[in-house]
Amino acid sequence: MDDRFTLVIFGATGDLTKRKLLPALWSLYQGRTLPEPFSILAVARGEMTSETFRGRMREAVAAFARIQPPSEAVWERFASCLSYCAGDPKDPALYPRLGKALEGHPNRLFYCATPPSLYATIVTNLGGSGLARGRDGFTRIIIEKPFGRDLESAQELNGLIAGVFRERQVYRIDHYLGKETVQNILVLRFANGIFEPLWNREHVDHVQITVGESIGVESRGPYYEEAGALRDMVQNHMLQLLCLIAMEPPVTFDADPVRDEKNKVMRALKPIEPDAVDDSAVRGQYGPGYVGGQRVAGYRDEPGVRPDSTTETYAALKLFVQNWRWAGVPFYLRTGKRLAKRVSEIAIQFKRTPHLIFRRDAEGVDPNVLVLRIQPDEGMSLTVEAKTPGPDLRLRPVTMDFRYGAVFGGEPPEAYERLLLDAINGDPTLYARGDWVEHAWAALEPVLRRWGSDPPPKFPNYEAGSWGPPEADAFLERDGRKWRRL
Ligand code: BG6
C-alpha cells in the first residue's frame, strides 16, 4: 500500500474529460504540482484498451492543454499512470471490478463527468458497493454542474448523496470559482483597506454582472434545450459572483467561514414575487445574425434544438440583497449566448458626487466605476473624471488599468487545474456546499416557474451578434440606468 491518490473519472470518453479534465491534469503534472504518485482510472461504456485511451488523451492534450508536452518521454511517464476500464456506470457489477482495481489505492477521488441523469446512480452504486467509505485514506466525490434542475431535484440529489457520503467528502464544482480573476475578488476586497469603506449602499449606486458569450450552443443543443441560460449560467456561476461581491468578510479564508458568508447573502436575497417576475427578469433567444463577421444560425436552427423552442439563451435579472450593507442597491445580472463579444466582468458603479462645482451638468459627468474584468484581458480598472489639458476646464473620464498579463505575464492556470488540485488536497473552499446550491435554486424558482409555464411573447427576440433583446435595455432604462457598453 502507498499513499498515491487515484482519480476515477466516470464519463471518460465525454467532452469534459477531453477538453478540460485531462488537459488540466496534464498541466498540473507539467507544473510539478500534481501530487505523486498518482493514477487515473478512466471509466466509460465503450470498449477500448488503455493504450487506445492514452492515444486519444494525447490528442486531447495537444488540442486543449495550456502546456504542451516538451518531449514524448515526459508524456509517456504521465500516460503510464492512465488506465481505462470499460463499464456502464448504471451497472452495479462494474463497482466490484472498480473495487478490485483500486485495491492498495487508499486515496480515492471519484469524478462524475457523465450526463447529470447518472449522478444519482453513480452515488448509489458507490454506496452499495462500499466504495464510498474508505478505511485507510480519503474518499471524495466531485459532482459536475448542473446540480439538479430546480429546488426539488437539487434537494433530492443532496438527500441521496447525504445517505452515502459525508458533506466534507462532496465537492460540487463550479468552474467559475477556479478562475484566477474570480479568486482575486476576495483578495481585492479583503487584502486592501481602501475598498471596504466604499463597499456599501452609502457609496454604491448599483452593480452590473455580465457574462457574455459569443459562441452559440454548439453541439450541446439537446442539453441546452433542457437547461436554458437561467439554469446553465445564472443559478451557479453568476450567483456565485454576486456572493463574492456582496458577502461580508469571513473570519478566515477557510472553507466553512467563506461558504457560511456566501450562504448569508443567498438568504438575504429579496424573493422575487411570482406576479412581479416581469419587473425583475428579462429573457431572450437569438435569431440568425453575424458574429465576428460570420453569418451564424439562429438558436432554433441549431442541431438538437426544437424548431419552435422557447428555451431562453439570454437572461437578465435584477436582484436585491436585503441587509444593512446593500439594502436598496440593485444587482443587475445578464448573460447570453451569441452576444457581440465574449466578455465577463463585474462593474461596481458608484454614486455621483452630491454637488458639482464645475460648470457642467452633473448628469453629464460619469460616475466612478470599478470594473473587475474576469475574461478575457483579465484585470481591473477604475474610471475617474480628469481635466483635459488646455485653457478650458473640461472634464473627461479616464481609466486606471491593471492587466494581469502585463504584470504577471504568462497565461493563468485553467480553473480546472486549481479545482482538481483543491479536491485532491481536501480543500472545498472553492466548491459549492449543498445548502448554497439549494438557496440558489430557491432564489430563481419564481422565474423558472413563470418562464416554464408562460411561453415568451416573441422569440427569437435578439439578433446573434447583438447585445441581447431590446427589452433588456428598457429593463434598466426604467430604473434610470444603462447597461455598460462592452
Ligand atoms: C458552462 C456552461 O458552465 O460555462 C456553458 O454550461 C458555458 O454553456 C460555459 O459556455 C462558460 O464558461 P467559460 O469558462 O468559457 O466562461
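Residues numbered from 1 in each chain as written. Predicted model: local features only at pLDDT ≥ 70, side-chain atom pairs only at ≥ 80, totals over all residues. Heavy atoms only, no water.

**Q** Please clarify how helix α1 (residues 15-30) should be interpreted in this entry.
**A** For the α-helix, the turn length of 3.6 residues means that residues three or four positions removed from each other point alike. A rise of 1.5 Å per residue sets the reference length of α1, with its 16 residues, at 22 Å; its end C-alpha atoms lie 22 Å apart and thus fit the reference within 8%. Its axis deflected by about 30° at Leu21, α1 carries its strongest bend there, up to four residues before the proline Pro23. What α1 keeps buried is the set Leu16, Thr17, Leu21, Leu22, Pro23, Ala24, Leu25, Trp26, Ser27, Leu28 and Tyr29. Of the residues one or two after α1, Arg32 is the one with positive phi, at around 60°. (Helix = DSSP H or I, 4+ residues; strand = E, 2+ residues; numbered from the N terminus. Expected span 1.5 Å × (residues − 1). Bend = angle between axes of the 7 residues up to and from the residue. Buried < 20%, exposed > 50% of the residue type's maximum accessible area, 1.4 Å probe, protein only.)

**Q** Explanation requested: the nonpolar core in the structure shown.
**A** Nonpolar side chains in soluble globular proteins tend to be buried together. Within the largest apolar cluster, 148 residues are counted, with the highest numbers of intra-cluster contacts made by Phe10, Tyr111, Leu126, Leu242, Phe331, Leu333 and Ile346. In terms of residue count, the dominant contributor to this core is helix α8 (residues 221-246) (13 residues). (Core = buried A, V, L, I, M, F, W, Y, C linked by side-chain atoms within 4.5 Å.)

**Q** Would you take a moment to explain a nonpolar patch on the surface for this structure?
**A** On the surface, Ile357, Phe358 and Leu393 cluster together to form a nonpolar patch covering roughly 310 Å² of accessible area. Mapped onto the secondary structure, Leu393 falls in the loop between β16 (379-388) and β17 (394-403). (Patch = residues over 30% accessible without salt bridge, like charges linked within 9 Å, V, L, I, M, F, W, Y side chains within 5 Å. Areas by Shrake-Rupley, 256 points an atom, 1.4 Å probe, with all protein chains shown as cover. Salt bridge = Lys/Arg side-chain N within 4 Å of Asp/Glu carboxyl O.)

**Q** Can you walk me through the environment of Ala297 in this structure?
**A** With respect to the secondary-structure elements, Ala297 resides in the loop between β11 (294-296) and β12 (314-320). The spatial distance from the C-alpha of Ala297 to the C-alpha of Gly216 is 8.8 Å, given a sequence separation of 81 residues. Sequence-distant contacts of Ala297, defined by excluding residues within four places in its chain, comprise Tyr286, Gly287, Pro288 and Glu302. (Contact = heavy atoms within 4.5 Å.)

**Q** Would you explain the pairing of β17 in this entry?
**A** Note that β16 and β17 share 10 bridges and pair antiparallel. Across the sheet, the residue bridging to Lys387 is Leu395, located in β17. Between the end of β16 and the start of β17, which pair antiparallel, lie 5 residues, with Gly390 showing a positive phi angle near 135°. (Pairing = 2+ DSSP bridges.)

**Q** Can you walk me through unusual backbone geometry in this structure?
**A** Where the residue is not glycine, phi is negative for most of them; where a peptide bond is considered, it is trans in most cases. Along the chain, Glu36 connects to Pro37 via a cis peptide bond; the corresponding omega equals 0°. Relative to the assigned elements, Pro37 resides in the loop between α1 and β2 (38-44). Of note in the backbone geometry, Arg32 takes a positive phi value of approximately 60° without being a glycine. Tracing the sequence through the fold places Arg32 in the loop between α1 and β2.

**Q** Teacher, can you tell me more about the environment of Asn236 here?
**A** With respect to the secondary-structure elements, Asn236 resides in helix α8. Spatially, the C-alpha atoms of Asn236 and Ala440 are 7.3 Å apart, while their sequence positions differ by 204 residues. Once residues within four sequence positions are removed from consideration, Asn236 is found in contact with Lys145, Asp174, Arg231 and Trp436.

**Q** Looking at this structure, how should I read the packing of aromatic side chains?
**A** Aromatic ring pairs: the centre-centre distance and the angle between the two ring planes describe each pair. Following the criterion strictly, the structure yields 23 aromatic pairs and no others. Both rings, one in Trp26 and one in Tyr29, keep their centres 6.0 Å apart while their planes meet at 40°; by these two values the pair is tilted. In this pair, Trp26 and Tyr29 are both assigned in helix α1, 3 residues apart and thus about one turn of the helix distant. Among the residues examined, Trp26 registers a relative accessible area of 0% and is labelled buried. For Tyr29, a relative accessible area of 10% corresponds to the buried category. Plain terms: the ring middles of Tyr314 and Tyr462 are 5.7 Å apart, the flat faces sit at 65° to each other, and that makes the pair edge-to-face. Here Tyr314, found in strand β12, pairs with Tyr462, found in strand β18 (residues 462-463); they are 148 residues apart in sequence, far enough to count as distant. We classify Tyr314 as buried; its relative accessible area is 1%. Here Tyr462 falls in the buried class, since its relative accessible area comes to 5%. One aromatic cluster in this structure is built from Phe5, Trp26, Tyr29, Phe38, Trp75 and Phe78. In this structure, Arg58 is placed above the aromatic ring of Trp75, and the distance from its NZ or CZ to the ring centre is 5.5 Å. (Phe/Tyr/Trp six-rings, centres within 6.5 Å; stacked < 30°, edge-to-face > 60°. Lys NZ or Arg CZ within 6 Å of the ring centre and 35° of its normal.)

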